[in-house]
Amino acid sequence: AYPPRGPLPPLVDEEVEELPDFGEYHFRSIHESEIHTNTPDVLYKLQEASRTNSSEGYKLFAHWQNKITEQSEIRGQLEFCLDECDPVPLDEVEPAAEIVKRFCTGAASLGSISDEAHRAM
């Protein structure tokens, strides 16, 4: 469907010397740019909570992440009025065994989900 483009140009000019990669990255201050959902302090809290298996650390990470989501994503700005609606009775809900029959695993590649998940689906 697409016409051939020919060879792509090199990513780096042959004459240009590449800068060394020391593995250090700089995160711009939130005051200098737009808000990001993955800030270093929030990721640090997630890593700390998982390393120490701390539920308190995870709660702090979740609190921080939820605050960022409220400010940066549409889903964070939605409010659900659960007190204004009635739940659907369970006898009206389709069983999970019937729902999974309609799952299509063709769109889920082995690289995106685990082998166990592929077999289960």
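Here the structure is a predicted model, which means the values were calculated and not measured. (Residues numbered from 1 in each chain as written. Predicted model: local features only at pLDDT ≥ 70, side-chain atom pairs only at ≥ 80, totals over all residues. Heavy atoms only, no water.)

1. Focus on the pattern of salt bridges
A full pass over the atoms with the stated rule returns six salt bridges. One salt bridge in this structure joins Glu-94 and Arg-102, with 2.8 Å as the shortest N-O distance. Given a relative accessible area of 54%, Arg-102 falls into the exposed group. The salt bridge partner of Lys-101 is Glu-98, with a shortest N-O separation of 3.2 Å. In this structure Glu-98 comes out as partly exposed when scored by relative accessible area, which is 35%. (Salt bridge = Lys/Arg side-chain N within 4 Å of Asp/Glu carboxyl O. Buried < 20%, exposed > 50% of the residue type's maximum accessible area, 1.4 Å probe, protein only.)

2. Quick notes on helix α1 (residues 40-52)
Between the first and last C-alpha of α1 there are 18 Å, a value that for 13 residues agrees with the 18 Å anticipated at 1.5 Å per step. With its phi angle positive at about 55°, Asn-53 sits one or two positions after the end of α1. (Helix = DSSP H or I, 4+ residues; strand = E, 2+ residues; numbered from the N terminus. Expected span 1.5 Å × (residues − 1).)

3. Thoughts on a nonpolar patch on the surface
Together, Ile-74, Leu-78, Phe-80 and Leu-82 make up an exposed nonpolar region whose accessible area comes to about 530 Å². Here Phe-80 shows up in the loop between α2 (55-72) and α3 (96-99). Classification of Phe-80 by relative accessible area gives exposed; the value is 69%. (Patch = residues over 30% accessible without salt bridge, like charges linked within 9 Å, V, L, I, M, F, W, Y side chains within 5 Å. Areas by Shrake-Rupley, 256 points an atom, 1.4 Å probe, with all protein chains shown as cover.)

4. Looking at the side chain of Thr-69
By the secondary structure assignment, Thr-69 is in helix α2. For Thr-69, a relative accessible area of 9% puts it in the buried group. Those residues in contact with Thr-69 that sit more than four places away from it in its chain are Arg-75 and Gly-76. (Contact = heavy atoms within 4.5 Å.)

5. Examining the packing of aromatic side chains
This structure, assessed with the given rule, holds one aromatic pair. Centre to centre, the rings of Tyr-58 and Phe-61 are 5.5 Å apart; their planes meet at 50°, and the pair counts as tilted. With Tyr-58 and Phe-61 both in helix α2, this residue pair falls three residues apart, about one helical turn. Since its relative accessible area comes to 11%, Phe-61 is described here as buried. (Phe/Tyr/Trp six-rings, centres within 6.5 Å; stacked < 30°, edge-to-face > 60°.)

6. Observations regarding the packing of α1 against α2
The geometry of α1 relative to α2 is characterised by a closest axis approach of 8 Å and an angle of 155° between their N-to-C directions. By the angle between their directions, the pair α1 and α2 is classed as roughly antiparallel. The handedness of the crossing between α1 and α2 is left-handed. Contacts between α1 and α2 involve Asp-41, Val-42, Lys-45, Leu-46 and Ala-49 on the former and, on the latter, Gly-57, Tyr-58, Leu-60, Phe-61, Trp-64, Gln-65 and Ile-68. By residue class, the composition of the contact of α1 with α2 is eight nonpolar, two polar and two charged. (Axes fitted to C-alpha atoms, helices over the stretch in contact; angles between N-to-C directions. Parallel < 35°, antiparallel > 145°, perpendicular 65-115°, else oblique. Left-handed = near helix turned anticlockwise from the far one by under 90°. Nonpolar A, V, L, I, M, F, W, Y, C, P; charged D, E, K, R; others polar.)

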